Amino acid sequence: MATGAGDVRKRFIFTTIQNYFGMLSEPYELPHLLNCAEVNNFLDDGNQLLLRAQRLETGISLANTIDVGDTKDKVLVFFKLRPEVITEDNIHNNILVSSMLDSPINSLYQAVRQVFAPMLLKDQEWSKNFDPKLQNLLSELEAGLGIVLRRSDTNLSKMKFKEDDIRGILTPSDEFQFWIEQAHRGSKQMNRERATYFKELFEAVAREFYNLDSLSLLEVVDLVESTRDAVDDVWRQTEHEHYPEARMLHLLDIIGGSFGRFVQKKLGTLNIWEDPFHLVKDNLKAGITICEQWVVACNHLTGQMWQRYVPHPWKNEKYFPESLDKLGKRLKEVLAIRTIHEKLIYFLPASEEKIICLTRVFEPFTGLNPIQYNPYTEPLWKAAVSQYEKIIGPAEQKIAGKLKNYISEIQDSPQQLLQAFLKYKELVKRPTISKELILEREALLARLMDSVKDFRTDFDNRCHGIPGEVTGPLSGKNLSEVVNNIVWVRQLELKVDDTIKIAEALLFDLSGFRSFHRSADDLLEQFKLYEQEQFDDWSRDIQSGLSDSRSGLCIEANSRIMELDPNDGALKVHYSDRLVILLREVRQLSALGFVIPAKIQQVANIAQKFCKQAIILKQVAHFYNSIDQQMIQSQRPMMLQSALAFEQIIKNSKPGAGEKSQITWDNPKELEGYIQKLQSAAERLATENRKLRKWHATFCEKVVVLMNIDLLRQQQRWKDGLQELRTGLASVEAQGFQASDMHAWKQHWNHQLYKALEHQYQMGLEALNENLPEINIDLTYNDLFTFRQGRLQFKPPFEEIRAKYYREMKRFISIPKQFRGVGDAGDEGIFTIMIERNASGFLTIFSKAEDLFRRLAAVSDQLKEWVIIGQLDMEALLEKHLFTVQDWEKNFKALKVKGKEVERLPSTVKVDCLNINCNPVKTVIDDLIQKLFDALVVSLRKSIQAHLHEIDSFVTDAMEVLTIMPQTVDEIGDANSQYSKLQERKPEILPLFQKAEDKNRLLRTVAGGGLETISNLRAKWDKFELMMESHQLMIKDQIEVMKGNVKSRLQAYLQELEKFKARWDQLKPSDDVIETGQQAALERSAKSIKEKKAEFDDLENIRKKLVDDCHHFGIDEPNFAMAYSISKDIEIYAQVWALYEEFHQGFQEKANEDWITFRSKTYIFEEFLMSWHERLRKVEEHSVMTVKLQSEVDKYKMVVPVLKYVRGEHLSPDHWLDLFRLLGLPRGTSLEKLLFGDLLRVAETIVAKASELKV
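Everything numeric in this text was worked out from a predicted model, so none of it was measured.

Here's the deal with the overall build of the protein
- When helices and strands are counted, the protein shows 47 helices and 10 strands.
- Buried residues in the protein amount to 42% of all 1255 residues.
- Taking all contacts inside the protein whose residues are at least 6 apart in sequence as the whole, residues at least 24 apart take part in 72%.

Section: the environment of Trp-314
- Position of Trp-314 relative to the elements: it lies in the loop between helix H12 (277-305) and helix H13 (322-347).
- Overall, the relative accessible area of 4% leaves Trp-314 in the buried class.
- Along the primary structure Trp-314 and Leu-301 are separated by 13 residues, whereas in three dimensions their C-alpha atoms are 8.9 Å apart.
- For Trp-314, the side chain forms a polar contact with the main-chain oxygen of Asn-316, separated by 3.3 Å.
- Of the polar contacts made by the side chain of Trp-314, one reaches the backbone oxygen of Glu-317; its length is 3.0 Å.

Brief notes about the sheet that holds strand S2 (residues 59-63)
- The antiparallel open sheet is built from four strands, whose spatial order is S2-S1-S3-S4. The strands lining the two open edges of the sheet, one partner per strand, are S2 and strand S4 (95-100). The mean angle between the axes of side-by-side strands here comes to 20 degrees, regardless of whether they run parallel or antiparallel.
- The pairing of strand S3 (residues 75-80) with S4 spans six bridges and is antiparallel. Residue pairing in the sheet places Val-75 in a bridge with Met-100 of S4.
- Its contacts with the sheet place helix H1 (residues 8-21) against strand S1 (50-56), S2, S3 and S4, and it is angled at close to 150 degrees to S3.
- Contacting S1, S2, S3 and S4, helix H3 (residues 37-44) crosses the sheet at an angle of about 155 degrees to S1.

Describing the confidence of the model for the protein
- Per-residue confidence for the protein gives a mean pLDDT of 74, with 74% of residues at or over 70.
- Taken as a whole, residues 654-661 scores under 50 in pLDDT and shows four contacts with residues more than four places along the chain or in a different chain.
- Predicted confidence for residues 784-788 stays below pLDDT 50, and this span has five contacts to residues more than four positions away or in other chains.

As for the side chain of Ser-539
- Secondary-structure assignment places Ser-539 in helix H21 (residues 513-546).
- A residue is classified by how much of its surface remains accessible, and Ser-539, at 7% relative accessible area, is buried.
- In this structure, Ser-539 is in contact with Pro-597 and Ile-600, ignoring residues within four places of it in sequence.

Quick look at the packing of aromatic side chains
- Enumeration according to the criterion identifies 18 aromatic pairs in this entry.
- Seen from their ring centres, Phe-178 and Trp-179 are 5.0 Å apart, and the 80 degrees between their planes marks the pair as edge-to-face. Across the pair, exposure class does not vary: Phe-178 and Trp-179 are buried alike.
- For the ring pair Trp-235 and Trp-306, a centre distance of 4.9 Å and an interplane angle of 20 degrees mean the geometry is stacked. Taken together, the residues Trp-235 in helix H10 (residues 217-236) and Trp-306 in the loop between H12 and H13 connect sequence positions 71 residues apart.
- Overall, the relative accessible area of 0% leaves Trp-235 in the buried class.
- By way of ring pairs, the aromatic residues Phe-176, Phe-178, Trp-179, Tyr-197, Phe-198, Phe-202, Phe-209, Tyr-243, Phe-259 and Trp-294 are connected into one cluster.

So, the pairing of strand S10 (residues 914-917)
- Side-chain alternation along S10 places Leu-914 and Ile-916 on a buried face and Asn-915 and Asn-917 on a face that remains uncovered.
- Sheet topology note: the strand S9 (residues 908-911)/S10 ladder contains four bridges and is antiparallel. From the neighbouring strand, Val-909 faces S10, where its bridge partner is Ile-916.
- Here S9 hands over to S10 after two residues, with Asp-912 in that stretch at a positive phi of 55 degrees.

Some points on the packing of helix H8 (residues 172-185) against helix H9 (residues 189-210)
- Relative to each other, H8 and H9 sit at 145 degrees, their axes nearing to 8 Å. Handedness of the crossing formed by H8 with H9: left-handed. Every residue of H9 that contacts H8 at Pro-172, Ser-173, Phe-176, Gln-177, Trp-179, Ile-180, Gln-182, Ala-183 and His-184 is listed here: Asn-191, Arg-192, Arg-194, Ala-195, Thr-196, Phe-198, Lys-199, Phe-202, Val-205, Ala-206, Phe-209 and Tyr-210.
- Among the residues making up the contact of H8 with H9, the classes are represented as 12 nonpolar, six polar and three charged.

Quick word on H8
- Over its 14 residues, H8 runs 20 Å from end to end, which matches the ideal 20 Å to within 8%, given 1.5 Å per residue.
- Counting buried positions along H8 yields 10 of 14 residues, so the element is predominantly enclosed.
- All of the buried residues along H8 are Pro-172, Ser-173, Asp-174, Glu-175, Phe-176, Phe-178, Trp-179, Glu-181, Gln-182 and Ala-183.

Digging into a negative patch on the surface
- Together, Glu-504, Asp-521, Asp-522 and Glu-525 give the surface a local cluster of negative charge.
- The element best represented in the negative patch is H21, accounting for three residues.
- Looking at where Asp-521 falls in the secondary structure, it is placed in helix H21.

Looking at the side chain of Gln-54
- Its place among the elements puts Gln-54 in strand S1.
- Engagement of the side chain of Gln-54 in a polar contact is seen with the side chain of Arg-52, the distance being 3.5 Å.

Comments concerning the nonpolar core
- In this structure, Tyr-761, Tyr-805, Leu-914, Ile-916 and Phe-1024 are the most contacted members of the largest nonpolar core, which totals 96 residues.
- A per-element tally of this core places helix H35 (residues 919-963) first, with 18 residues.
- Leu-217, Val-234, Ile-288 and Ile-290 belong to the second-largest nonpolar core, a separate cluster that totals 71 residues.

Things to note about the environment of Thr-1157
- Positionally, Thr-1157 belongs in helix H41 (residues 1155-1158).
- Looking at Thr-1157, the relative accessible area reads 39%, which means it is partly exposed.
- Expressed as a C-alpha distance, the spacing of Thr-1157 and Leu-1235, which sit 78 residues apart in the sequence, is 9.3 Å.

How each quantity is defined
- Residues numbered from 1 in each chain as written.
- Predicted model: local features only at pLDDT ≥ 70, side-chain atom pairs only at ≥ 80, totals over all residues.
- Heavy atoms only, no water.
- Helix = DSSP H or I, 4+ residues; strand = E, 2+ residues; numbered from the N terminus.
- Buried < 20%, exposed > 50% of the residue type's maximum accessible area, 1.4 Å probe, protein only.
- Contact = heavy atoms within 4.5 Å.
- Polar contact = N/O pair within 3.5 Å; in protein donor to acceptor, adjacent residues only side chain to side chain.
- Pairing = 2+ DSSP bridges.
- Axes fitted to C-alpha atoms, helices over the stretch in contact; angles between N-to-C directions.
- pLDDT = per-residue confidence, 0-100.
- Phe/Tyr/Trp six-rings, centres within 6.5 Å; stacked < 30°, edge-to-face > 60°.
- Left-handed = near helix turned anticlockwise from the far one by under 90°.
- Nonpolar A, V, L, I, M, F, W, Y, C, P; charged D, E, K, R; others polar.
- Expected span 1.5 Å × (residues − 1).
- Patch = residues over 30% accessible without salt bridge, like charges linked within 9 Å, V, L, I, M, F, W, Y side chains within 5 Å.
- Areas by Shrake-Rupley, 256 points an atom, 1.4 Å probe, with all protein chains shown as cover.
- Salt bridge = Lys/Arg side-chain N within 4 Å of Asp/Glu carboxyl O.
- Lys, Arg positive; Asp, Glu negative; His and termini not counted.
- Charge placed at Lys NZ, Arg CZ, Asp CG, Glu CD.
- Core = buried A, V, L, I, M, F, W, Y, C linked by side-chain atoms within 4.5 Å.

Okay, here's the thing in structure tokens:
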């Protein structure tokens, strides 16, 4: 192992000692220590665990133990982790190095507090493996060491505190904790009370300092002000022994240190150069404010306020927290750099040069934390700032011109000019820009000089006036004249100071700056002189008033405290209001920094001594003088006894006859007792008055509440409120007040109740129709009447509603008659006259009632239009008005709109107090709309079906027509005609398809499905179109076929014609048949002629058809001479036999008449014969048939005259039988069955036996 200087172990030990004690320039100490036995023992002996190094005047002292006296100076200790010999390998693994300063307790306390407690209690890695009990013990050790450290006496067993020992006070919280501990453990009661007093004063800020790191910068700005007030209160207190000046100086210092560290910690979380400007600016400003405010507070307190505070003056020089002040200045520099940077961004054009500038501008500050201010970082900071200024130099040249142009535009406005310079203050301070803006700065200087002149003029005009007037100083609130004037001039001083600060910052290099500064300084001196004059005048006035007993400033300790004025009986206290004003003035002037003359201060102290009692007595006097005004008139009888007792105590304060003593200011015990007696009596009277006033206020609130409670709707609340008033009065009476004394009070509340009742009564009459209890009504639709005659009606019925409304109205009108107040029996009469006094309003309520029922009926009328569709035949209506798809669409849309409108219809309609439920009607309306919708759907479907049916019928009929194969010309003509008609109807039918499809599309939309037959019908139509196109081809083919048919038919016709001619010639009747033929033969011949004619007519029709076909098909017409000959012959025979048939038909009609009926009408038969006789006579060419008919007419004309003989109107049945036998009628003939024709058949017999019949 190496020895001496080459020993690595010893080099480590001695290098550490040199560095710690700062001995790098003193190498002479090392040689004699290299072979020191203590060092060798520590390094080479495993049992030697400790080496202590201490610097003495003679050099470095080494030892292997630590004595008690060794801790007075700095001590460096080396100790081993393990009992081993130190080698080069374990030198850094087995040796720990520690130092001790001041005391081992302090060193241990700081090591635990700063190193081990945070690591073992707060670090997650260590705390989770550290036993909770050990954690508690470590916390208790830290707290106990702090307590021991704050004890000043080294003899710990005596438990004494020494206030000038501040070694353990490192933070404000330590100071607060010191007074808390002394308040609990002080050696004397007086010391504990004093410590408790200080503890209470510090409590205003103690909590914030305990949680300082959790506060924001803005919250600490407020804390600075609170801390200033707290330390000021501690210093100024006079209740106990004064706070030590050395301790206060230390407290101010550690408070400043706490604020500085707090600001550095909070700002250290920001990236000063890269975070958004607004965020950095706000935080920097808050940090600067904290620093500046505490610096100003320390300067003001120790440099002015406390130095002039006579009871406890500050004796040392004023305290100036230099490190905090420099930190604030550093923060200002940082803020200025960031501000300049933002202004450069604003003024520089958006170019590449700007981008390069912005990226390089903060490079000098890289690796430098600007918030960490100390003497070692200051050179680095200044060097970085210098480089920064070189970088921004070119940019300043560019923006100087822009700033000059900007300022020149607003140069005519002094206020805007000043604001512009303040806004760009940081830029204007830059030398380059300042030089460029010299003219503008001179203009600003001129403006500031004008401002100073304006301040001087304003001061000169106001300084001799009365505060508050136009020509006097501006007045403040609660300030006497002298204080107001001084405060006013101080405000002017601040304005001038601000002006000077602006000039010093921006204009100091101008030629006119010195002149401006002198002028401003002269004005400030004038202000100071005015302040002093005001104070001196006040001092003289007060001191002269002290010698005048009438001034109110003198208070004699042996004078009476108060007395009753014999003129007006008012109680007066011998402690003037001027003394109170004096105390306030002394306090305010002291706060403003003035030294109060001793004589005035003495009077103020005396006045302050009795001020508390005087204020109490003034309060009692004021209470006595104003108690009658505080009593309620109607309650005075109730407090008469208590008021008399209080007055008696006041009167007994005067000395009686023969008494030599009285209660004075210098007799504190008697004064205190008398004050207590007065306060007790006043308190009793005041308490009694407060109670009664409280009851009165409570009753007032209840009556006011009643005044706002609807008498109509909330009668139970009225009853409850009235009962509460009665219960309250009973409670007051139970507290000892006589009922007779309460009569006026009760009568008062009866009148108030009357007002409330009448108010609600009148309100109820005015709006009775609105405020009566609600009547619920259902508006229904009754459809049980005759068909389609449903109507709206109310349930309950209209008349029942009316009756119920008038019953409620009558009940309300009679309320005052049943109302009982809170007074005694017999007092309720005041309420009964209310009905008569308000009778004029009854006409209104009846007219409103009728209007109400008119509006009720109007509700029904408004909904009638909605149910009107229930009274109509929907199907007929739709069939009449709906044709096109647009008609249905409009109706569906209208129905949808109506459906939405129905939803918006009110469910309930309120007509004043009538609550009409419209939901039943809405349900009916919904049903009717649904029915109408269903009807529309049905009608739409029917319309589509009608279109389809028409199309289908047309197509079906057309296809039947088109499928017929014409066999004849007529049929071809019919086929062509039908084809033409189909062509004509086709344009009429085809649009029906589109109509049907449009309607079907609408049907799908509204009903979810349509008719599916349209597609089938469309296919059928297409087939019809094909058939129409092929029809003409079919006709042409059929014509060719029919030509051959026509020729065949011609041959067949000619053959049939020959056959007919042969039969005709053979079978046609001859003239002999006519002449000799009997009736039956003639009838057969006539029938035969008709049959032949019909048969020939058929052949003729065939011939005509064949002729038409020949003409139609272009075939030569054959010779039809035979047909013409036969036709002519048949026509002749037909005419002859037609005449016979006509005669025979008329004859047969008469012959078929029964004789009983016709025997009186034989003239008809005679007329028939005469008409045929005339007709035959007029025939030009007679034929066999006309001759035959003439003979028949003549034969029957002969029988007409003798028919009267066979009428037999008076013949008996037997005679008739004889007659029948006479005429030769067949056996079995009877009169009932006898026809006129039977007689005509025996006409010749009747003529022959006319004579016999006559008989």
